[in-house]
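Next come the chains, spelled out residue by residue.
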Amino acid sequence: MIRDIVAQGVKSGWQVHDAARLAGDRHVEADVVVIGTGAGGGTAAEILSHAGLHVVLVEEGPLRSSSDFHMLEREAYPQLYQESAGRRTKDKSITILQGRCVGGSTTVNWTSSFRTPPQTLQYWREHFGARDFGEADLAPWFEHMEKRLNVHPWLTPNENNSLLREGAAKLGIPTKPIPRNVKGCWNLGYCGMGCPTNAKQSMLVTTIPAALQRGAQLYHRARAERFTFDGTNITALRCRAMQADGITPSPHTITIHARHYVLAGGAIGSPAVLLRSGLPDPYQRAGKRTFLHPTLISAATMPEPVKGYSGAPQSIYSDHFLRTQPIDGPVGYKLEVPPLHPVLMSTSLVGFGKEHADLMASASNVQVIIALLRDGFNAQSAGGRVELKGDGTPVLDYPLTPYLWDGARRALRTMAKIQFAAGAKTVFPIHENAQPYPTLKAALAAIDGFPMDILRMRVFSAHVMGGCGMGEDPKTSVVDSYGSHHHVGNLSVFDGSIFPTSLGVNPQLSIYAITARNATRLVKRLT
């Protein structure tokens, strides 16, 4: 029987509070408040609590653990994801998969763990003045977090991943195995619904339990609404308790007073807290230059079963098309594959009626490749902007520019070539005008003719970055190179929102390593 680490810890006396159960307002004192429990918040909480600081963690989503993970999409998406896995950009053109639970997206991601590419670090140094961001500067922090979270290449790909490798090899396109943060993985393939075996080394089963074991407190189903500011420093954080549905605010509040405040709510959530709080922002940088990896999909029907729902979701990748042009040239893209579970698959595919039903009937034989566009390195790719809706909740306005559409068309062509090289019977680019194409010639002709419009081309992303960009110039950044806010003395931002561009790789390991560096520096300052 699998031991539920979290349930046992709560039973042993961890200070865990479900805000949905509060009967009245609450006031809390701490050395440090950490807002968000994902890659940044979880890493920071462990380091700060290890130094003897009293840490309070605040999480908008619920606390769920291995006993709650039943490998069922109908349960996982409403419980563990922002907007039930239906979060979209302002014009509805991009679907964003983002965690909303204790552990954040680390609880539900597909475990891919890459270091920040050297060319990305160089670009940050040259264009944003990022300090101490050389490859050698960060190497010890990457090594530390890779050891902490058991990151290593996964050498047993499932058929879905193997077909990417085989098709690419026939075309001379190099691929590599993906490093994953797992320990004793059962290779079930249901990583996106929470790991029922605790093999995924997410914040839920690593850093957060370590922090709670050292006396940290956790308030979950508590939305961080705004800071109180005295002109120099933050004096309090006001949180709104959420009801059990996780959507409806409760009448009760939690007010937390601390020496220091760490914002780690993600690249949509963190800018939203700054905007709601009205903190000093003389150059109007908060929420600007928020980036995704806009992601395109190509499906193929194979002659033999693929069973893309089984086995490690992502284990083979190619970054060849990130290297075929300058970083600030035409948009490059990274190739990976996703898991193929029925709800995720059916809502991602296009078509209606019999056409859609026929494709789903052959689901076991479907292979899918995704292309992640690297945004933010060109004057024509300024990313998006986080805004507040009337109720104070955030929305991301993310224009899809001709620059990105050009990359999308090139990516679809590449994926079709790989899938036919791997033996596909038909290829189905995920565009509203598409149909299954039996030959490469027919597929390429169709792709070249697709109108590149929002809502016609299906675009997704699971990676949100930027919005509180770092740099040494307050005119162009929100925080400095170590995450300290330029205009607020006791506020740090420790998550992917500090990235001044997208990465070109899955972001979790970059957040772990950079946060470990920055939080360790903060410990020296506070102690």
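None of these values were measured; they are calculated from a predicted model.

**Section: helix H1 (residues 5-12)**
In step 1: A distance of 3.2 Å separates the backbone nitrogen of Val 6 from a side-chain oxygen at the start of H1, and that oxygen is part of Asp 4.
In step 2: Of the residues flanking the end of H1, it is Gly 13, one or two places downstream, whose phi is positive at about 120°.

**Here we look at the layout of surface pockets**
In step 1: Of the pockets and cavities examined, the second largest pocket occupies roughly 260 Å³.
In step 2: Only helix H5 (118-128) and strand S7 (176-177) provide two or more residues apiece to the lining of the second largest pocket.
In step 3: Here the lining of the second largest pocket is built from residues that sort into nine nonpolar, two polar and five charged.

**Quick word on empty space enclosed by the protein**
In step 1: Under the counting rule described, the total for this entry stands at five cavities of 30 Å³ or more.
In step 2: Estimated volume of the largest cavity: approximately 120 Å³.
In step 3: Cys 185, Leu 188, Gly 189, Cys 191 and Cys 195 are, among the 19 residues lining the largest cavity, the residues nearest its centre.
In step 4: Looking at the lining of the largest cavity, its residues break down into eleven nonpolar, six polar and two charged.
In step 5: Put simply, the second largest cavity is a space of about 80 Å³.
In step 6: The wall of the second largest cavity is formed by 13 residues, among which Arg 285, Lys 288, Arg 289, Gly 469 and Thr 476 lie closest to the centre.
In step 7: Classifying every residue of the lining of the second largest cavity by side-chain character gives five nonpolar, five polar and three charged.

**Concerning the packing of helix H12 (residues 402-421) against helix H13 (residues 440-449)**
In step 1: Relative orientation of the contacting elements H12 and H13 amounts to 170°, with a least axis distance of 10 Å. Taken as axis vectors, H12 and H13 run roughly antiparallel relative to one another. Residues Arg 409, Leu 412, Arg 413, Ala 416, Lys 417 and Phe 420 of H12 form the contact with H13, whose own contacting residues are Leu 440, Ala 443, Leu 444, Ile 447, Asp 448 and Gly 449.
In step 2: Within the contact of H12 with H13, the residues separate by chemical class into seven nonpolar, one polar and four charged.

**Quick word on the packing of helix H2 (residues 39-50) against helix H14 (residues 508-526)**
In step 1: At a closest axis distance of 8 Å, the pairing of H2 and H14 adopts a crossing angle of 35°. For the pair H2 and H14, the sense of crossing is right-handed. Residues Ala 39, Gly 40, Thr 43, Ala 44, Ile 47 and Leu 48 of H2 form the contact with H14, whose participating residues are Gln 508, Ile 511, Tyr 512, Thr 515, Ala 516, Ala 519, Thr 520, Leu 522 and Val 523.
In step 2: Classifying every residue of the contact of H2 with H14 by side-chain character gives ten nonpolar, five polar and no charged.

Reading the values: rules and limits
- Residues numbered from 1 in each chain as written.
- Predicted model: local features only at pLDDT ≥ 70, side-chain atom pairs only at ≥ 80, totals over all residues.
- Heavy atoms only, no water.
- Polar contact = N/O pair within 3.5 Å; in protein donor to acceptor, adjacent residues only side chain to side chain.
- Helix = DSSP H or I, 4+ residues; strand = E, 2+ residues; numbered from the N terminus.
- 1 Å grid on protein atoms, 1.4 Å probe; cavity = no way out; pocket = protein on both sides within 12 Å on 5 of 7 lines; lining within 4 Å.
- Points joined across faces, edges and corners; volume = space filled by probe spheres on them.
- Nonpolar A, V, L, I, M, F, W, Y, C, P; charged D, E, K, R; others polar.
- Axes fitted to C-alpha atoms, helices over the stretch in contact; angles between N-to-C directions.
- Parallel < 35°, antiparallel > 145°, perpendicular 65-115°, else oblique.
- Contact = heavy atoms within 4.5 Å.
- Left-handed = near helix turned anticlockwise from the far one by under 90°.

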